[in-house]
Amino acid sequence: MSNKIKNAFTIKDLENLSGIKAHTIRMWEKRYNMLEPMRTESNIRYYDTYNLQKLLNVSTLNSFGYKISAIAKMPLEKIPALVKEILSNKSMSNHVLNNFKMAMMNFDLPLFSATYATLQSEKSFKAIFYEFFMPLLAEIGHLWQTGTITPAHEHFISALIRQKIAANTEKLQLIPPTKTDRVYVLYLPENEIHEIGLMLINYELLLHGYKTLYIGESMPVNFLKSIKDHFDNITFITYSISYPFAEDINQYIRTVKSEIVNDENTMLYLFGKNAHHINPALINENIKIFNSIDEFTDTLQLTNS
């Protein structure tokens, strides 16, 4: 798939990005002249970034109770101004997600930063991540699979989210841990690069006062063995989305059990979609699979209560 910047969208792309059904978009276009499609030399309709931005703004106003017929009569410059005014409203999640999506589509760092700063003035980082970044990441996965966005878009927005996690994690690292009887070592298997989930788990552990050692992406099993020379009680935490492949995950677990999780003081926590392909027969009291980060954080909260 090409990394070329996308600035021409089909009506299906608009549906994927806005959540507004294609037949509704066509109706708004026909009845209210809401959008202005263009045509290729072969007479195929398409929409530019301006039309995408307008549709996202219109859908935001519509979600706040403005009728389409009323929006259609507004001067063009009033629509984005009214949307901006709504930023002061506490129920602004749709607008925030639209802003983040437009920032992604236009590679617009100032828009991303301004939207994040507005949220930061009202909410904790944890609330921002779970209320806005998590839904955004879920949407990005769908948009990438349907070809609505390119890998460049996904990498751009993912890198910005990783930066926010890293900045907030760094603040927590300045606070001495209160629970030091066990160290949590976080890593990704060899060739695995999807790091956001692991970074968030590290953030949650630090937030709850645990001692962590973040190793990061693409870590061969034999590189992990030396860590056991430095700590007595270790819980290794890993996240598998792409690697090892589903058909290789069981052999990977056998290797980890043989070389790493081979004593009563060492544990392994597994996350990610490929973890669900592990043969239950390979799981013991020192190995646990978590269905989600939410499930894990619930465990931390119960431990702290």
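Before any of the text, the structure's been laid out above.
Residues numbered from 1 in each chain as written. Predicted model: local features only at pLDDT ≥ 70, side-chain atom pairs only at ≥ 80, totals over all residues. Heavy atoms only, no water.

Help me get a handle on the overall build of the chain, residues and values and all.
Broken down by element type, the chain carries 13 helices and eight strands. Dimensions along the principal axes, computed over C-alpha positions, put the chain at roughly 70 × 45 × 30 Å. Across the 305 residues in the chain, those meeting the buried criterion constitute 46%. At a minimum sequence separation of 6, the contacts of the chain that also span at least 24 residues come to 68%. Accessible surface, the chain: about 15500 Å² in total, of which carbon and sulfur atoms supply 52%. Side-chain charges of the chain comprise 30 positive and 31 negative groups, with the mean position of each set lying 10 Å from the other. (Helix = DSSP H or I, 4+ residues; strand = E, 2+ residues; numbered from the N terminus. Buried < 20%, exposed > 50% of the residue type's maximum accessible area, 1.4 Å probe, protein only. Contact = heavy atoms within 4.5 Å. Areas by Shrake-Rupley, 256 points an atom, 1.4 Å probe, with all protein chains shown as cover. Lys, Arg positive; Asp, Glu negative; His and termini not counted. Charge placed at Lys NZ, Arg CZ, Asp CG, Glu CD.)

Can you lay out the sheet that holds strand S1 (residues 8-9) for me, pointing to particular residues and giving the numbers?
Pairing is antiparallel in the open sheet, where three strands are placed in the order S1-S3-S2. Edge positions in the sheet fall to S1 and strand S2 (38-39), since each has one partner strand and no second. (Pairing = 2+ DSSP bridges.)

I'd love a proper account of the nonpolar core, names of residues and values included.
Phe133, Ile201, Leu205, Ile237 and Phe296 are the most contacted members of the largest nonpolar core, which has 69 residues in total. Ranked by residue count, the leading element in this core is helix H8 (residues 125-145), at nine residues. Among all residues touching isoleucine 237, those that are not within four sequence positions of it are Tyr184, Val185, Leu186, Tyr187, Leu198, Ile201, Leu205, Tyr269, Phe271 and Phe296. Listed in part, the 21 residues of the second largest apolar core include Val183, Ile249, Ile260 and Ile278. (Core = buried A, V, L, I, M, F, W, Y, C linked by side-chain atoms within 4.5 Å.)

Break down the packing of aromatic side chains for me, citing the residues and quoting the values.
This structure, assessed with the given rule, holds 18 aromatic pairs. Considering the side-chain rings of phenylalanine 100 and phenylalanine 133, the 5.5 Å spacing of their centres and the 50° angle between planes classify their relative orientation as tilted. In this pair, phenylalanine 100 sits in helix H6 (residues 93-106) while phenylalanine 133 sits in helix H8, placing the two residues 33 residues apart along the sequence. Using a relative accessible area of 0% as the deciding quantity, one classes phenylalanine 100 as buried. Summarising the aromatic geometry, the rings of tyrosine 243 and phenylalanine 245 are spaced 4.9 Å apart at their centres and angled 45° between planes, so their arrangement reads as tilted. The class of tyrosine 243 is partly exposed, set by a relative accessible area of 30%. Exposure remark for phenylalanine 245: the relative accessible area of 39% places this residue in the partly exposed category. Through a chain of ring-to-ring contacts, the aromatic side chains of Phe100, Phe112, Tyr116, Phe125, Phe129, Tyr130, Phe133 and Tyr203 assemble into a single cluster. (Phe/Tyr/Trp six-rings, centres within 6.5 Å; stacked < 30°, edge-to-face > 60°.)

Explain the pattern of salt bridges to me, and be specific about the residues and the numbers.
In the structure shown here, the tally under the stated rule is seven salt bridges. One salt bridge in this structure joins glutamate 139 and lysine 101, with 3.1 Å as the shortest N-O distance. Pair noted here: glutamate 139 is in helix H8 and lysine 101 is in helix H6, with a separation of 38 residues, a long-range link. Judged by its relative accessible area of 25%, glutamate 139 is partly exposed. The exposure class of lysine 101 is buried, given its relative accessible area of 4%. A salt bridge links glutamate 131 to lysine 123, with the shortest nitrogen-to-oxygen separation between them at 3.0 Å. Residue glutamate 131 is classed as partly exposed on the basis of its relative accessible area, which comes to 39%. (Salt bridge = Lys/Arg side-chain N within 4 Å of Asp/Glu carboxyl O.)

So what's going on with helix H3 (residues 49-63)? Residues and values would help.
Spanning 15 residues, H3 covers 21 Å between terminal C-alpha atoms, matching the ideal 21 Å at 1.5 Å per step. Directly beyond the C-terminal end of H3, a positive phi value near 100° is found at glycine 65. (Expected span 1.5 Å × (residues − 1).)

Explain the packing of helix H7 (residues 109-120) against helix H9 (residues 151-173) to me, and be specific about the residues and the numbers.
Remark: H7 packs on H9, axes separated minimally by 12 Å, with the N-to-C direction vectors making an angle of 40°. As summarised for this structure, H7 and H9 are arranged oblique, according to the angle between their axes. Crossing hand, H7 versus H9: right-handed. In this structure, H7 contributes Leu109, Phe112 and Tyr116 to the contact, and H9 contributes Phe156, Ile157, Leu160, Lys164 and Asn168. (Axes fitted to C-alpha atoms, helices over the stretch in contact; angles between N-to-C directions. Parallel < 35°, antiparallel > 145°, perpendicular 65-115°, else oblique. Left-handed = near helix turned anticlockwise from the far one by under 90°.)

Quick one: what's the story with the side chain of asparagine 202, residue by residue and with numbers?
Structurally, asparagine 202 is set in helix H10 (residues 196-207). Residue contacts for asparagine 202: discarding those within four places in its chain leaves Thr169, Leu186, Thr212 and Tyr214.

Explain the pairing of strand S5 (residues 210-219) to me, using residue names and the numbers behind them.
In terms of strand pairing, strand S4 (residues 179-189) meets S5 through seven bridges, oriented parallel. Considered in S5, the bridge of lysine 179 is made with tyrosine 210. As for the winding sense of the linkage, the β-α-β connection from S4 through H10 to S5 is right-handed. (Right-handed = clockwise from strand over helix to strand, strands pointing away.)

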